[in-house]
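Residue strings, one per chain:
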Amino acid sequence: MGYIINLVIKRMRPDWIETASRTKQLRRKWQELYGKNFLFALNTVLPFLLYIAFGYGVRMSGLADEDFMKRLNKVIFQAFFPILMFNNLYSIPEGMTLNLRLVAVAIISVLLLQAVLLAVVPRLVKENERRGVIIQAIYRSNFVLFGIPLATSVFGEEGTLLATMMVAIVIPVYNITAVVILELFRGGKVPVFVLIKNILKNPMIRGALMGFIFHMLGIKLPVSVEGPIKQFANLTTPLALFVLGGTLHFNAIGGNLKYVVPSMTVKMVILPAVILTVATLLGFSGVERFVYFEMYATPVATASYAMAQNMGGDGELAGQFVVLSTVASVVTIFCGSISLIRSDGSHKNKYIIGDCQTVVCGRATIVWQLFFVENKTLFFHENRNFFS
């Protein structure tokens, strides 16, 4: 075997040696890209886990008890989330160009998924307080916090613009329908008038309505008012995660695994695969497919915990969904971004990515798979024979 290898090396022309050397460089670049994307996924998720861990540590140290955390959670739901909703709609950029096809498919996919879940989940889960929590855990993601940073990191300015547009449209749909779904399973059957009244009384709906009115009428607040509003809005998620950690009981997770495992499998594995397949069949570009992927593969929305606990849902189960999906998202975000980078040429990093396989068996063959270079997709397959 050693004789054959030495013979191959002696018979190689300089351009073949140069090709093999280039292949090693390409392979190193591909490995670097894997490492960078994994670190980015980890760094994106880690702050959320630290907020949760800090809340858990504060409770375990005795600085605050669980009753305090629950009262604080009510304050967050009643006072902070309305400001967050107002700010999300008030801050929509003026003159933002809508990709109507992209938005339409996104909204239809969310509503269709909700309809399927409303038909299936009540047949599988008996308790009303868990039905609404499971439904919103499957369809509702932390797109508002993960969407823009991830798209910017992977696809640059184009990703930023598309993700910003989608966040402005999709998040209100998430939140408004979540209120409706939780109200549907709150205390059994209620008259339609009472249901509508309860929905309109919801603090998040009120905040969203005010933000929508201000945006549509072009009402601009003074800078001295806008600043505190944005700061309160930015405080909402860290506070909500802090409270989640302060009320988390790890020994209770085992009893809910029969709900958590299948729900998270559907949310973080099956749904992203389905939406990517549909988006590919519809001819969407790589960056558009990535935005769809973010909608479904990112962790369960932080707000779902506060809403469940304050609207008659199973707050403990909702909190477990948030925590476990956040941990799992390190893997799903990494795998999704890598698969899309490999299949599309619009990645912002100007790498030449390739793979080279050498076979020695009477003759030597190099098989190239070159994916992209300088925003041009160059996907081809070439055989080179070392021996005639």
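Before reading on, note that the structure itself is shown above.
So, here's what we can say about the structure.

About the cut-offs
- Residues numbered from 1 in each chain as written.
- Predicted model: local features only at pLDDT ≥ 70, side-chain atom pairs only at ≥ 80, totals over all residues.
- Heavy atoms only, no water.
- Helix = DSSP H or I, 4+ residues; strand = E, 2+ residues; numbered from the N terminus.
- Buried < 20%, exposed > 50% of the residue type's maximum accessible area, 1.4 Å probe, protein only.
- Contact = heavy atoms within 4.5 Å.
- Areas by Shrake-Rupley, 256 points an atom, 1.4 Å probe, with all protein chains shown as cover.
- Core = buried A, V, L, I, M, F, W, Y, C linked by side-chain atoms within 4.5 Å.
- Salt bridge = Lys/Arg side-chain N within 4 Å of Asp/Glu carboxyl O.
- Expected span 1.5 Å × (residues − 1).
- Bend = angle between axes of the 7 residues up to and from the residue.
- Patch = residues over 30% accessible without salt bridge, like charges linked within 9 Å, V, L, I, M, F, W, Y side chains within 5 Å.
- Phe/Tyr/Trp six-rings, centres within 6.5 Å; stacked < 30°, edge-to-face > 60°.
- Lys NZ or Arg CZ within 6 Å of the ring centre and 35° of its normal.
- Axes fitted to C-alpha atoms, helices over the stretch in contact; angles between N-to-C directions.
- Parallel < 35°, antiparallel > 145°, perpendicular 65-115°, else oblique.

1. Side note on the overall build of the protein
Argument step 1. Of the regular secondary structure elements, the protein holds 13 helices and three strands.
Argument step 2. Residues counted as buried form 48% of the 388 residues belonging to the protein.
Argument step 3. Considering only residue pairs separated by 6 or more positions, the protein has 79% of its internal contacts joining residues 24 or more positions apart.
Argument step 4. If you sum the accessible surface of the protein, you get close to 19100 Å²; carbon and sulfur atoms cover 65% of it.

2. Here's the deal with the nonpolar core
Argument step 1. Judged by nonpolar contacts, the single largest core of 92 residues is most densely connected at Tyr139, Phe143, Met166, Tyr292, Met295 and Phe321.
Argument step 2. Among the elements that make up this core, the one with the highest residue count is helix H6 (residues 143-184) (18 residues).
Argument step 3. What Met166 contacts, discounting residues up to four positions off in sequence, is Leu102, Val103, Ala106, Phe143, Ile171, Val291, Tyr292 and Met295.

3. Things to note about the pattern of salt bridges
Two side chains of opposite charge can pair, provided their charged atoms sit close to one another.
Argument step 1. In total, this model carries four salt bridges according to the counting rule given.
Argument step 2. As a salt-bridge pair, Arg130 and Glu127 come within 3.5 Å of each other at their nearest N and O atoms.
Argument step 3. Judged by relative accessible area, which is 19%, Arg130 ranks as buried.
Argument step 4. Overall, the relative accessible area of 27% leaves Glu127 in the partly exposed class.
Argument step 5. Among the salt bridges present, the one from Arg130 reaches Asp314, with a minimum N-O distance of 3.1 Å. Taken together, the residues Arg130 in helix H5 (residues 128-139) and Asp314 in the loop between helix H12 (303-310) and helix H13 (315-343) connect sequence positions 184 residues apart. Here Arg130 and Asp314 have matching classes, each one buried.
Argument step 6. Here the residues in one salt-bridge network are Glu127, Arg130 and Asp314, joined through shared partners.

4. A word on helix H9 (residues 223-246)
Argument step 1. The first and last C-alpha atoms of H9 sit 35 Å apart over 24 residues, in line with the 34 Å expected at 1.5 Å per residue.
Argument step 2. Considering bend angle alone, the principal kink of H9 is centred on Thr236 and spans about 30°; proline Pro238 follows within four residues of it.
Argument step 3. Every buried residue belonging to H9 is among Glu226, Ile229, Ala233, Thr236, Thr237, Ala240, Leu241, Phe242, Val243, Leu244, Gly245 and Gly246, and all of these are buried.

5. Here's the deal with a nonpolar patch on the surface
Argument step 1. A cluster of nonpolar side chains, namely Met210, Phe212, Ile213, Met216, Leu217 and Ile219, defines an oily patch on the protein surface of about 590 Å² accessible area.
Argument step 2. Take Met216: it is sitting in helix H8 (residues 203-217).
Argument step 3. Assessed through its relative accessible area of 55%, Met216 is described here as exposed.

6. Brief notes about the packing of aromatic side chains
Argument step 1. A complete count under the given rule lists eight aromatic pairs for this structure.
Argument step 2. Ring plane angle 80° and centroid distance 5.2 Å describe the contact between Phe86 and Phe214, whose orientation is recorded as edge-to-face. Taken as a pair, Phe86 in helix H3 (residues 66-90) and Phe214 in helix H8 lie far apart in primary sequence, 128 residues in all.
Argument step 3. Here a set of aromatic residues connected by ring pairs shows up, and it is made of Phe86, Tyr90 and Phe214.
Argument step 4. Sitting over the face of the ring of Phe284, Arg101 holds its NZ or CZ atom 4.3 Å from the ring centroid.

7. A few points about the packing of H3 against H12
Argument step 1. Contact geometry of H3 with H12 gives a least axis separation of 10 Å together with a crossing angle of 110°. Compared by their axis directions, H3 and H12 come out roughly perpendicular. Where H3 abuts H12, its residues Lys70, Asn73, Lys74, Phe77 and Phe81 lie against Ala303, Tyr305, Ala306, Met307, Gln309 and Asn310.

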